[in-house]
Amino acid sequence: MPRRPAAFDDYDAAVPQIILSSSDSDFLDHLIPVLKDAANSRRIPSLTQSFNRYAEDREADIERTGLSKHEEFLDSVGRLQQVRESTVTLTAEILQLNQSIQSSTEQLAEQKGALVNIKAVRQNLADTTDALKDSLKILHAVNNAHDLVRRKQYYAALKSLDDLQNEHLVPILQNRYATQHRLADVIQKSIPSSQKAISEAVMSDLNTWLFRIRETSQFLGEVAFYHTEMRRLRQRTRLEGDPFLANFKLNSPIELVCDESEEFDVLENDELNVDFYPLFEALHIHDALGHSDRFRTEYAATRRQQKDLLLPSAVGLLPEDESSLSSLLEGIAGFAILEKATMSRLPHLRSPADVEELWESMCTSAINLTWQALATTTNAEVLLKVKGFIALFVQTMEGWGYSIATLDTFLLSLFDQYAELLKRRFSEDFQEIVARDDYMPMAINSAAEYEKVIKVNLFSQEQPIEDMSFPCVLPFSQMYPLCCIDIRNFLNQFYFFSGDHFQHPDVIDETLRKSLDELLIEKVCQSLVDRLSSQYLGQIVQILINLEHFETACQKLEQMLIEARSSSSAGGPLKLKATEEFRNNKKTAEKRIFELVNSKIDDLVDTAEYDWLPTTATVETSSYMQTLTRYLSNIMNSTLLGLPREIKELIYFDALSHTAEKILALPLSADVKHINAHGVAALAQDVRHLTDFVDSLENGAMLRENLDELQQTINLMQSDNHDEFFDISTRNKKYGRVDALNGPMLLEKLIPVGQAPGRSAPLSNLSSRFGLS
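Everything numeric here is computed off the predicted structure, so don't read it as measured data. (Residues numbered from 1 in each chain as written. Predicted model: local features only at pLDDT ≥ 70, side-chain atom pairs only at ≥ 80, totals over all residues. Heavy atoms only, no water.)

Chemist: Please provide a residue-by-residue account of the packing of helix α17 (residues 537-564) against helix α19 (residues 623-639), values included.
Modeler: It is at 11 Å that the axes of α17 and α19 come closest, and there the two elements cross at 40°. Judged by the angle between their axes, α17 and α19 are oblique. The way α17 lies across α19 gives a crossing that is right-handed. Packed against α17, whose contacting residues are Leu-537, Gly-538 and Val-541, the element α19 presents Tyr-631, Ile-635 and Thr-639 at the interface. Each residue belonging to the contact of α17 with α19 can be placed in one class, and the counts come to 4 nonpolar, 2 polar and no charged. (Axes fitted to C-alpha atoms, helices over the stretch in contact; angles between N-to-C directions. Helix = DSSP H or I, 4+ residues; strand = E, 2+ residues; numbered from the N terminus. Parallel < 35°, antiparallel > 145°, perpendicular 65-115°, else oblique. Left-handed = near helix turned anticlockwise from the far one by under 90°. Contact = heavy atoms within 4.5 Å. Nonpolar A, V, L, I, M, F, W, Y, C, P; charged D, E, K, R; others polar.)

Written out as structure tokens, the structure reads:
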């Protein structure tokens, strides 16, 4: 940059320096600055005057010197003349130079003015450029924010807007005179709308994500159910190796520890991957915008709407649409798992109360839909399938920490209906079995057939199968093994309900006991008792045999129920009311057999046609007595053969006792007025035949006691000394079983053979005669 010329206040001092310069170059070096200064300051006349005064001073000096020193003066004048000439020349040159400098100065001034103008323009351009650069920075930040939104980098866009505001807009807006103030103000006012656009874009992505996870919920639930089923299989495998693990259910700490080597994440696996990034981003954006409370409210409302869309208007349980319920439960499971996963990842977004409320609402809706579908169901297997779906659902969701109290209550109600349907179905089966039975001993044709019957029956095998010959006959009728099969099926189907998950095994035990009692008492025992009105003795005997076996079966059932009873049930003995009912009705059947046998005996004895006053003696047994003994023999060897020995002996004992009473009642009848010895002999012959028959029986000696009164009465009537009866000591020895009133009555009816019937002494007279009271 050129050095600025020095300013001169007084040219009188500068002129001597110029004149007295030692060389031309020095002369010019001193002269030029003075000329430039004079030209610039328009003081050329002052410079000229300074030169003139200097010249006059020098002339004066010369004049003085010339007066004193003439020669030197002359020389000086000559030199002065030269100097003057040079001065004139120099003056002319100075004037020319001055003119040149003045013209140059004018041009310089013009150029300087132009330069000043150019500098102002340049400054304006620079200021404008800086303003444009700052504006471009602002616009670039705005465009960058919108570009980030388009690239779905929402938080970066929001951060970009925040940086734009803090770094650019706020400083500009604080300077009211800033060039970009209006632009900054416009952009500042547009930031809320940009933030809203980011919020809307985030929510749009979130809604897309919510739609996808709603579509994914069912598949997520299906994966979770499959994982639970695999855990079940692994648990069963472990139980085979260690039965002690049966005490620990699925989702118990022990089971979880045993299964911890099988890590599986239902939200992130080979088949499914749930990305929560859109939800994280949306929450982060709304937190940054200060709208977190509103976002939580909107998100909760959206999830409630999705919950409502998840639930159908109805579910089907028919074979063609039985997947309807499982699909519903899978959807609910997936929805609830996502809620738990959201709550664990974002605790401040979803509160436990909100999640539990949605869970209970979905469970209640699913239960109501299931009850609607079950309203017309009469098939217990359908309820068992429903229980299977619900159990898998419960075990899956229990592992996620959800409350299953509502579902347990539903399972309890479902079990009640299941038990009722089972009872109704088996009730019909039992009734049909009892109604269609032939009430004949069951014939077995082969060992294989016998093994099948033994396998399902509830009775003890009396002898090894190797010692048996086939075909053979079993004591019970066909209804007994069929009922046993149904009883076993009934037990198994009851306990099917307790598999996998059912928290009330004691309810199963108690309900099963009551149901068995009801079925056995009302549908089996009572049906058999109702058939005791039959007049067919063989059927009554078979009913008694069946009752005997059912009593034994009930005792075995009691033991089976104790063994199958869960550990949570009360201990101690278990008694079925049906056991006592069968036992009591065996007595009823026995009485009915007594009635039929005695009725037959009555019918046979009523056919007796004794001639109590025959003129000749007979040695043949009466036909009725032959028929009676043949009947007693036949029923013992055929009809009553299957009865237990003690019952058969009791029936025989009662039948013989009744027979003796009935035969004895013949001569005691009021219609029989007189009896002679031939009549007594005919009766004695029949009694002898009956006695011989009893003696031929296995326990004849014991059974013959039933005929003692009849035999002693016949002996009394055939005795020659009737007075022995009235002698107490003799009577006790020979006629101790003869009734004290019947003996005299029969003796009173006796008359000699051939004597015409006449009026006999009254019994009262005979009694008083022989001292009888």
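Chemist: How would you summarise the pattern of salt bridges if you had to cite specific residues and measurements?
Modeler: Under the definition given, this model contains 24 salt bridges. Glu-298 serves as the salt-bridge partner of Arg-294, at 3.9 Å between the closest nitrogen and oxygen. Here the residue Arg-294 and the residue Glu-298 both occupy positions in helix α9 (residues 292-310), the gap between them amounting to 4 residues, near one helical turn. Here Arg-294 falls in the partly exposed class, since its relative accessible area comes to 44%. A salt bridge links Glu-649 to Arg-645; the nearest nitrogen and oxygen atoms lie 3.0 Å apart. Of this pair, Glu-649 and Arg-645 both sit in helix α20 (residues 645-668), separated by 4 residues, roughly a single helical turn. Residue class for Glu-649 comes out partly exposed when judged on its relative accessible area of 26%. Note on Arg-645: relative accessible area 46%, which makes it partly exposed. (Salt bridge = Lys/Arg side-chain N within 4 Å of Asp/Glu carboxyl O. Buried < 20%, exposed > 50% of the residue type's maximum accessible area, 1.4 Å probe, protein only.)

Chemist: Lay out unusual backbone geometry with the relevant residues and their values.
Modeler: One non-glycine residue, Tyr-439, adopts positive backbone phi at about 55°. On the secondary structure map, Tyr-439 appears in the loop between α13 (405-436) and β1 (442-444). Its relative accessible area of 4% is what places Tyr-439 among the buried residues.

Chemist: Tell me about α9, and name the residues and values.
Modeler: Spanning 19 residues, α9 covers 26 Å between terminal C-alpha atoms, matching the ideal 27 Å at 1.5 Å per step. All buried positions along α9 are accounted for by Ser-292, Phe-295, Tyr-299, Ala-300, Arg-303, Gln-306 and Lys-307. Buried positions in α9, seen along its axis, are confined to an arc of 130° and lie on one side of it. Facing away from the buried side of α9 by over 90 degrees, the exposed positions are Asp-293, Thr-297, Gln-305 and Leu-309. (Expected span 1.5 Å × (residues − 1). Arc of directions from axis to C-beta.)

So, to be careful, I would describe these as geometric facts and stop short of saying anything about function.
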